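The chain contents come next:
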Amino acid sequence: MTRRQLTLSGELLLLQLAIVVLVLGAVGVISLAQSAATFDRVEGRRVSALAEQAAWNPLLRARIQQPAPAEVLAPLLHSTLTQSGVSSVTVADVHGKIVSATNTTIVGTALPLGHEGVARGRGWSGYLVLDGERELSAQVPVLSTQGRHLGTVMIGVRAPTAWQRLSGASPYLVVHLGTASLIGGLGSWLLARRIKRQTLGMEPREITGLAEHREAMLHGIAEGVVALDPQLRLTLVNDVGRRLLDLPESGVGRSLSALGVSGRLYDVLAGEGDSRDEIVIHRGNVLVMNRMAIVKDGRRLGTVTTLRDRTELAQLERELGAFRGTTELLRAQAHEFANQLHIISGLSQTGEYDEVVRYIRALRRHKESLDVRLAATVRDTAVAALLMAKSSLAAERHVRLRLSERTALDRLDPMDAADLATVAGNLVDNAIDAAAGGEAAWVEVELRQDAASVEIVVRDSGPGVAPELDQEVFTRGFTTKAAQGGERGIGLALTRLVCHRRGGEVAVTNTADGAVFTARMSIGRPADEAMETTR
């Protein structure tokens, strides 16, 4: 047995002894109370009956008003004292002066009255303190044959001590105490077992240390932690979780509905099973959530969900994606130029110099046509360069990227252009992914601008988005590949996040040809100001 087990066993033994002592004390108090009640009832009736009997004695009524009655009444009082086993017998005249008593030292003094009505011929019984002794006394008036008040007879019996009451309380007191001890011991043993099982055998100081370490850990880690019971009530949340979910300080004990949690966030937190890497966009933050169900002995105790803020990581991923996209575009352009050079080299080797000239002129006209059209409709150089590069990437994947006839975009502020390029780039990438692999695949981009906003419409010839996913593709962070059963990403989630920060929105619809993504965002003012205007 370990030192900890020895200490715990000693504490449980002390607990058992304490319970036994409490039970024994309770039994003793009850026994004393019952004994006192029995003594008051039985002895009160007896001394009242003895006092009435003495008050009706003819000798006492005849001699109480005669001179020197003490010598005549003394044998009667002592006979009553010895035969009945009482403590004192006292006789007083009508004026309340003691004329005879078994205690001769009080003869000639005033009779202590239990009630003022005794002086007027009324009877009384109760406790009085006589010569420092507490006695249960009965005071009965002495009446003549004509009913005239002649005096008072008082008979008292000394109250027993606590030990005398216990010893004479009941012949079964030992049995009662033994039974109580057995019950107390059994109850304390069961309680000790329950406490030991619930505390996993740990010492109180160890439980205190564990609770302190848990608090330090919960409030010290960088991730948010949220715990719910089976009724979806908040049972635990650390500082990071409260900040990420915007929960009040008094949120513990309240349900998710009462805390205003709804939508995708509610679905993830309220789920029953385990879940990994769920992406939720909440109040402009990209959160990655992992939920674990807590089950013990077949009982579901609730769930614990951890939250990580990936907003900055998403920004870094967007920037890395831009570099990766640039690399892919350069590779696609290099591949395209290599194919063109191979064609020119082959024609040169076969002596088809006229064909070489015609091919080069055709390439120049195609390039000039694309440049002229982009320059005429998309005057912002950053967005135009993006679309030019995406055109090469689409061509490598056998997808035709085209501009809508209604496209018209002026030069933008650099910050507006950067956000527009992010939204357009993500939508075009997803459209190319959706359309690639189909026959005569195409993607159409339309940019429309007014005084305060820009609208981006991207159409593709892909299979479209399932109607039940028309909102989840954004809240979950799906790409169009995810809508078709591929891996999940955060491209569309970032698109919606940028649009929201710009006071706009993004939505998807299906047509007979494929999917249509429509995004709108404000321009010409800071993103934070635009977002505040929409709230």
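Remember, predicted model here, so these are calculated numbers, not experimental data.

**Digging into the overall build of the protein**
- Helix and strand counts for the protein stand at 16 helices and 15 strands.
- In the protein, buried positions account for 40% of the 535 residues.
- Sequence-distant contacts in the protein: of pairs separated by 6 or more residues, those separated by 24 or more amount to 55%.
- Accessible area of the protein: about 29800 Å², with a carbon and sulfur share of 57%.

**Description of the environment of Arg459**
- One can find Arg459 in strand β13 (residues 453–460).
- The spacing of Arg459 and Ala435 is 24 residues in sequence and 9.7 Å in space, taken between C-alpha atoms.
- Leaving out residues up to four positions away in the same chain, Arg459 has contacts with Arg406, Trp442, Val443, Glu444, Glu446, Ala515 and Val516.
- Reaching out from Arg459, the side chain makes a polar contact with the side chain of Glu446 at a distance of 3.1 Å.

**A look at the side chain of Ser453**
- Structurally, Ser453 can be placed in strand β13.
- Residue Ser453 is classed as buried on the basis of its relative accessible area of 10%.
- Here Arg520 takes part through its side chain, which lies 2.6 Å from a polar atom of the side chain of Ser453.
- Look past the residues within four positions of Ser453 in its chain and what remains in contact with it is Arg448, Arg520, Met521, Ser522 and Ile523.

**Points about the sheet that holds β13**
- A sheet is described by the order of its strands in space; here 5 strands give the open sequence β11-β12-β13-β15-β14, paired in mixed fashion. The sheet is open, and its two borders are formed by β11 (400–403) and β14 (505–510), each paired with just one other strand. Taken over all neighbouring pairs, the strand axes of this sheet differ in orientation by 15° on average, direction set aside.
- Here 7 bridges tie strand β12 (residues 442–449) to β13, and the two strands are oriented antiparallel to one another. From the neighbouring strand, Glu446 faces β13, where its bridge partner is Val457.
- Against the sheet, helix α12 (residues 414–435) engages β11, β12, β13 and β15 (515–522), with an angle of about 10° to β13.
- This element, helix α15 (residues 491–501), spans β14 and β15 of the sheet and lies at about 130° to β14.

**A few points about the packing of aromatic side chains**
- Per the stated rule, a full pass over the model turns up 0 aromatic pairs.
- In this structure, Arg134 packs its charged tip against the face of Tyr127, placed 3.8 Å from the ring centre.
- For the cation-ring pair, Arg402 lies above Trp442, with the distance from its terminal atom to the ring centre recorded as 4.2 Å.

**Some remarks on α12**
- In this model, α12 (22 residues) spans 31 Å end to end at C-alpha, consistent with the 32 Å of a helix rising 1.5 Å per residue.
- A large share of α12 lies buried, amounting to 16 of its 22 residues.
- In this structure Asp413 caps α12, since a side-chain oxygen of it lies 3.0 Å from the backbone nitrogen of Met415.
- A positive backbone phi angle near 100° is found at Gly437, which sits one or two residues after α12.

**A look at the pairing of strand β6 (residues 224–228)**
- In terms of burial, β6 is a largely internal element, 5 of the 5 residues being buried.
- With burial as the criterion, each face of β6 is covered, one bearing Gly224, Val226 and Leu228 and the other bearing Val225 and Ala227.
- One ladder, built from 5 bridges, connects β6 with strand β10 (residues 299–309); its direction is antiparallel. In the strand pairing of β10, Leu228 is matched with Thr303.
- Bridge analysis of β6 against strand β7 (residues 234–237) gives 3 bridges, and the strand direction is antiparallel. Its bridge partner lying in β7, Ala227 is registered against Leu236.
- Between β6 and β7, which pair antiparallel in sequence order, lie 5 residues; one of them, Leu232, sits at a positive phi of approximately 65°.

**A look at unusual backbone geometry**
- Positive phi, normally seen in glycine, also occurs at His398, with a value near 60°.
- Positioned with a positive phi, Ala440 is a non-glycine residue whose angle comes to about 50°.
- By the secondary structure assignment, Ala440 is in the loop between α12 and β12.
- Residue classification places Ala440 among the exposed positions, given a relative accessible area of 68%.

**Things to note about the sheet that holds strand β3 (residues 124–130)**
- With respect to topology, 5 strands assemble into an open sheet ordered β2-β1-β5-β4-β3, the strand pairing being antiparallel. The open sheet has two free edges, formed respectively by β2 (98–101) and β3, since each of these has just one partner strand. Ignoring strand direction, the axes of neighbouring strands in this sheet form an average angle of 30°.
- Two elements, strand β1 (residues 88–93) and β2, share 3 bridges in a ladder whose sense is antiparallel.

**Looking at the packing of helix α11 (residues 381–396) against α12**
- In the contact formed by α11 and α12, the axes pass within 10 Å of each other and the chain directions differ by 15°. Compared by their axis directions, α11 and α12 come out roughly parallel. When you trace α11 past α12, the crossing you get is right-handed. On α12, the residues touching Val383, Leu386, Lys390, Leu393 and Ala394 of α11 are Ala417, Leu420, Ala421, Ala424, Gly425, Val428, Asp429 and Ile432.
- By residue class, the composition of the contact of α11 with α12 is 10 nonpolar, 1 polar and 2 charged.

**Examining the side chain of His149**
- If you trace the backbone, His149 turns up in strand β5 (residues 149–158).
- Given a relative accessible area of 17%, His149 falls into the buried group.
- A polar contact of 2.9 Å, which involves the side chain of His149, links it to the backbone oxygen of Gly151.
- Ignoring anything within four residues of it in the chain, the contact list for His149 reads Val94, Val118, Ala119, Arg120, Gly121, Pro141, Val142 and Leu143.

**Examining the pattern of salt bridges**
- A complete count under the given rule lists 18 salt bridges for this structure.
- In this structure, Arg308 engages Glu223 in a salt bridge whose closest nitrogen and oxygen atoms are separated by 3.9 Å. Taken together, the positions of Arg308 in strand β10 and Glu223 in the loop between α6 (204–220) and β6 put the pair 85 residues apart, joining distant regions of the chain.
- For Glu223, a relative accessible area of 30% translates into the label partly exposed.
- The partner of Glu444 in a salt bridge is Arg459, and the shortest N-O contact between them spans 2.9 Å. With Glu444 in strand β12 and Arg459 in strand β13, the pair connects residues that are 15 residues apart, well separated along the chain.
- Linked through salt bridges whose partners overlap, the residues forming this network are Arg402, Arg406, Glu444, Glu446, Arg448, Asp450, Glu455, Arg459 and Arg520.

Cut-offs used in this document
- Residues numbered from 1 in each chain as written.
- Predicted model: local features only at pLDDT ≥ 70, side-chain atom pairs only at ≥ 80, totals over all residues.
- Heavy atoms only, no water.
- Helix = DSSP H or I, 4+ residues; strand = E, 2+ residues; numbered from the N terminus.
- Buried < 20%, exposed > 50% of the residue type's maximum accessible area, 1.4 Å probe, protein only.
- Contact = heavy atoms within 4.5 Å.
- Areas by Shrake-Rupley, 256 points an atom, 1.4 Å probe, with all protein chains shown as cover.
- Polar contact = N/O pair within 3.5 Å; in protein donor to acceptor, adjacent residues only side chain to side chain.
- Pairing = 2+ DSSP bridges.
- Axes fitted to C-alpha atoms, helices over the stretch in contact; angles between N-to-C directions.
- Phe/Tyr/Trp six-rings, centres within 6.5 Å; stacked < 30°, edge-to-face > 60°.
- Lys NZ or Arg CZ within 6 Å of the ring centre and 35° of its normal.
- Expected span 1.5 Å × (residues − 1).
- Parallel < 35°, antiparallel > 145°, perpendicular 65-115°, else oblique.
- Left-handed = near helix turned anticlockwise from the far one by under 90°.
- Nonpolar A, V, L, I, M, F, W, Y, C, P; charged D, E, K, R; others polar.
- Salt bridge = Lys/Arg side-chain N within 4 Å of Asp/Glu carboxyl O.

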